[in-house]
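# Fold and contact review
Residues per chain are reported as follows:
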Amino acid sequence: MYQNERVTVGITCFNAHDTIGNAIRSAQSQEWPDLEIIIVDDASTDGSPERVASLIANDSRVRLISHGENGGAARARNTIIEAATGDFIVFFDDDDESAANRVMLQVAAIKAFEASKGFRRVACYASGERIYPNGYLKPLPAIGSAGTIPCGMDVADYLLFYRRRPDYFYGSGTPTCALMARRELFRELGGFDPSLKRVEDVDFAIRLALTGGCFIGTVDKLYLQHSTQGSDKSPDANHSAEIAVAKKHEGYLRSIGKYRYARHWPNLRYYHFKRQYVRFIAEFLVIAVRNPILAISHLLATGPKRLRHERRMNKRKLQ
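In this report, the structure presented in the accompanying data block is examined. (Residues numbered from 1 in each chain as written. Predicted model: local features only at pLDDT ≥ 70, side-chain atom pairs only at ≥ 80, totals over all residues. Heavy atoms only, no water.)

So, about the overall build of the protein chain. On a plain count of helices and strands, the protein chain comes out with 12 helices and 9 strands. Over its C-alpha atoms the protein chain spans a radius of gyration of 20 Å, differing by no more than 12% from the 20 Å that the globule rule assigns to 319 residues. Here the protein chain holds 319 residues, and 50% of them are scored as buried. For the protein chain, restricting intrachain contacts to residue pairs at least 6 apart in sequence, the fraction spanning at least 24 positions comes to 76%. Entry remark: accessible area of the protein chain is about 14800 Å², with carbon and sulfur atoms responsible for 53%. (Helix = DSSP H or I, 4+ residues; strand = E, 2+ residues; numbered from the N terminus. Rg over C-alpha atoms; globule rule 2.2 N^0.38 Å. Buried < 20%, exposed > 50% of the residue type's maximum accessible area, 1.4 Å probe, protein only. Contact = heavy atoms within 4.5 Å. Areas by Shrake-Rupley, 256 points an atom, 1.4 Å probe, with all protein chains shown as cover.)

Next up, the structure:
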């Protein structure tokens, strides 16, 4: 079914010596006949390139591209997009494992959407799970895997300032590790913004949404994400990147009167992670003065879920 088209599996690698093997093996095991696998090592210092080279030595489908200096995930993914020859590109993370039928099911979902809607501006996200060191499994349902297919500016509004449509299912957002789209779409949108060291996947989805794109997802759980820590995942890195995304889309946000909200809401997350609760309350009151209904509904929708998640994530290792 639809297996006459090439799929590029893109894997970015940075200091992933101990995990990259599982990601490569899950890419090699995909149930798809015309497959290429491109691995971009982003100047690892832990022997990852040598580890990758040993794993792919006998597989002509796999190419390793090494960056001379570290440029971040967005730049590494752009290298994959530039080098890809596939009709579709799907991204696997260097510490994730994907089911053997992931490529097949995501291509089928995209082709079914195109046949029914008559256009190709669509991104497909796989559902999955994230596992934490204590054994806690967090479900990661895909955006668009239920309800009305999310499309256009309504998705941008959700990603920028959490305005939700009740008939849309937003799932776990728009992570690149779950993403497949046509190569032409990635190139048309200019790939990922290399100036962003975090949330570059959110920015990509915002740009797709603002140009009328749609977001579909698989119901099946097709990948397992291993939760890891790193300096690039710190609250400080995330905070600055989220503010940068709001500033990048300032023109659109000001046109609908939501720039101040989108610019300041990341401060709340940051103050929570830093346990600066006096500043949290003060910032929330400033935000709520101008957008009381949105701010209160936003906090009630996300706050309790975040606290439950943190409790489960920080529990002692399960026996």
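With that settled, consider the pattern of salt bridges. This structure, assessed with the given rule, holds 21 salt bridges. For the salt bridge of Lys-111 with Glu-5, the shortest nitrogen-to-oxygen distance reads 3.0 Å. With a gap of 106 residues between them, Lys-111 in helix H4 (residues 102-117) and Glu-5 in the segment before strand E1 (7-13) connect regions that are remote in the sequence. An identical accessibility class is assigned to Lys-111 and Glu-5; each is buried. Between Asp-34 and Arg-6 there is a salt bridge, and its shortest N-O distance comes to 2.9 Å. One end of the pair, Asp-34, is in the loop between helix H1 (20-28) and strand E2 (35-41); the other, Arg-6, is in the segment before E1, with 28 residues separating them in the sequence. Looking at Asp-34, the relative accessible area reads 27%, which means it is partly exposed. Three or more residues joined by partner-sharing salt bridges are found here, namely Glu-5, Lys-111, Glu-114 and Arg-182. (Salt bridge = Lys/Arg side-chain N within 4 Å of Asp/Glu carboxyl O.)

Moving on: the environment of Ala-73. Locating Ala-73 in the fold gives a position in helix H3 (residues 73-83). Along the primary structure Ala-73 and Asp-41 are separated by 32 residues, whereas in three dimensions their C-alpha atoms are 10.0 Å apart. Once you skip the residues sitting within four places of it in the chain, Ala-73 turns out to touch Thr-12 and Glu-200.

Our focus in this paragraph is the side chain of Asn-291. Here Asn-291 is to be found in the loop between helix H11 (277-290) and helix H12 (292-313). Its relative accessible area of 16% is what places Asn-291 among the buried residues. Apart from residues lying up to four places away in sequence, Asn-291 is in contact with Lys-258 and Tyr-261.

Now for the state of the cysteines. Per the stated rule, a full pass over the model turns up 1 disulfide. Between the sulfur atoms of Cys-151 and its disulfide partner Cys-214 the distance amounts to 2.0 Å. Of note, the bridge from Cys-151 to Cys-214 carries an S-S torsion of about 105 degrees and is right-handed in sense. A residue pair is termed long-range when its members are at least 10 positions apart, and Cys-151 in the loop between strand E7 (137-140) and helix H5 (153-161) and Cys-214 in strand E9 (residues 214-226) qualify at 63 residues. Relative accessible area serves as the criterion here: at 22%, Cys-151 is assigned to the partly exposed category. Judged by relative accessible area, which is 3%, Cys-214 ranks as buried. (Disulfide = S-S within 2.5 Å.)

In this section: H4. For H4, spanning 16 residues, the distance from its first C-alpha to its last is 23 Å, which sits close to the expected 22 Å at 1.5 Å a residue. Taken together, the buried positions of H4 are occupied by Arg-102, Val-103, Gln-106, Val-107, Ala-108, Ile-110, Lys-111, Phe-113 and Glu-114. Phi turns positive, to about 80 degrees, at Gly-118, one or two residues after H4. (Expected span 1.5 Å × (residues − 1).)

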